[in-house]
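Results of the structural survey
Below are the chains, spelled out letter by letter.
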Amino acid sequence: MNSLEVKKYPDSCLRIKTRPVEDFDKDLSETVAAMADLMYVSQGIGLAATQVGLGLSILVMDPGDGLAVLANPRITERSSKKTRLEEGCLSVPGITVSVNRPEEVKVRYQDERGEFFLKTFTGLAAKVVQHEMDHLAGTLIIDHMDPVSRFFVSRKLRKNGFKTEKRTCEVVCNAGKRHSDRT
Ligand code: CO
């Protein structure tokens, strides 16, 4: 599991819809540890499973107050007040997008052992958790742009190309039913 790498747009892995985590086993904790390592090495503050080619509903984040692991996250409440933040993404390098999101969200999730939590995220943590949950639904920051900007940005990003990686990734995405098949 130490061969994880961050998938870059337009890699098709970034568009897969994740399935719930059901087995909170040793494979999962190894996956989570590898994702956290990769996030820190990449100097990111969040990383979702789709970004490493795994179709599982799990993310890691550390907006500055320590590592958090969220499996099967669901937003149960969101503040009506929204604020904008210039968001970057390890999978869409070189650009930032001003994204308007609720300032505060309450999230129900499980940790890597399967224990349930209900936590309110505010400030940067609220932005990060929503950004990473977007990934778990196959949504990227470019999807938050106006259509014209998105057209030009995605064309530029596609020109930079990650075509060979895309092919490898599709095999990885579709191979096997469990995350352990991909270690
Ligand atoms: Co991202």
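Above this text sits the structure in question.
Residues numbered from 1 in each chain as written. Predicted model: local features only at pLDDT ≥ 70, side-chain atom pairs only at ≥ 80, totals over all residues. Heavy atoms only, no water.

1. Overview of the environment of Glu112
Along the polypeptide, Glu112 turns up in the loop between strand 6 (104-110) and strand 7 (116-122). Exposure remark for Glu112: the relative accessible area of 21% places this residue in the partly exposed category. Counting along the chain gives 88 residues from Glu112 to Phe24, while the straight-line C-alpha distance between them is 6.1 Å. The residues contacting Glu112, other than those within four sequence positions of it, are Phe24, Leu28, Val32 and Val69. (Helix = DSSP H or I, 4+ residues; strand = E, 2+ residues; numbered from the N terminus. Buried < 20%, exposed > 50% of the residue type's maximum accessible area, 1.4 Å probe, protein only. Contact = heavy atoms within 4.5 Å.)

2. Observations concerning unusual backbone geometry
In this model, Tyr9 is joined to Pro10 through a cis peptide bond whose omega is 10 degrees. The phi torsion at Gln43 lies on the positive side, around 60 degrees, for a residue other than glycine. For Gln43, the position within the fold is in the loop between helix 1 (26-41) and strand 1 (46-48). Backbone geometry places Asn72, a non-glycine residue, at a positive phi of 50 degrees. In this fold, Asn72 is placed in strand 3 (residues 68-78).

3. A word on helix 2 (residues 123-136)
Along its 14 residues, helix 2 runs 21 Å from first to last C-alpha, staying within 8% of the 20 Å computed at 1.5 Å per residue. Where burial is concerned, most of helix 2 is hidden: twelve out of the 14 residues are buried. The complete set of buried residues in helix 2 reads Ala125, Ala126, Lys127, Val128, Val129, Gln130, His131, Glu132, Met133, Asp134, His135 and Leu136. At the C-terminal side of helix 2, Gly138 shows a positive phi close to 80 degrees. (Expected span 1.5 Å × (residues − 1).)

4. Re the coordination of the cobalt ion
Cys89 (SG), His131 (NE2) and His135 (NE2) make up the full set of protein donors to the cobalt ion, lying at 2.1 to 2.2 Å. Read in sequence order, the donor residues coordinating the cobalt ion give the pattern C-x41-H-x3-H. Remark: His131 occurs in helix 2 and Cys89 occurs in the loop between strand 4 (82-87) and strand 5 (97-102); sequence separation between them is 42 residues. (Donors = N, O, S within 2.8 Å, 3.2 Å for Na, K, Ca; no water.)

5. A closer look at the pairing of strand 3
Examined bridge by bridge, strand 2 (residues 58-61) and strand 3 share four bridges and lie antiparallel to one another. Paired with Ile58 across the strands is Ala71, a residue of strand 3. Hairpin connection of strand 2 to strand 3: six residues between the antiparallel strands, including Gly64 at a positive phi of 120 degrees. The pairing of strand 3 with strand 6 spans five bridges and is classified as antiparallel. Within the sheet, the bridge partner assigned to Arg78 lies in strand 6 and is Val105. (Pairing = 2+ DSSP bridges.)

6. Remarks on the packing of aromatic side chains
Under the definition given, this model contains three aromatic pairs. The interplanar angle of 80 degrees and the centroid separation of 5.2 Å between the aromatic rings of Phe151 and Phe152 together place this pair among those described as edge-to-face. Given the relative accessible area of 49%, Phe151 is considered partly exposed. (Phe/Tyr/Trp six-rings, centres within 6.5 Å; stacked < 30°, edge-to-face > 60°.)

7. Considering the sheet that holds strand 1
With antiparallel pairing, five strands are arranged side by side in an open sheet as 1-2-3-6-7. In this open sheet, the two strands that pair with only one neighbour each are strand 1 and strand 7. When the angles between neighbouring strand axes are averaged without regard to direction, this sheet yields 40 degrees. Here seven bridges tie strand 6 to strand 7, and the two strands are oriented antiparallel to one another. Looking at strand 7, one finds that Lys106 is bridged to Thr120. Against the sheet, helix 1 touches strand 1, strand 2 and strand 3, its axis set at about 40 degrees to strand 2. (Axes fitted to C-alpha atoms, helices over the stretch in contact; angles between N-to-C directions.)

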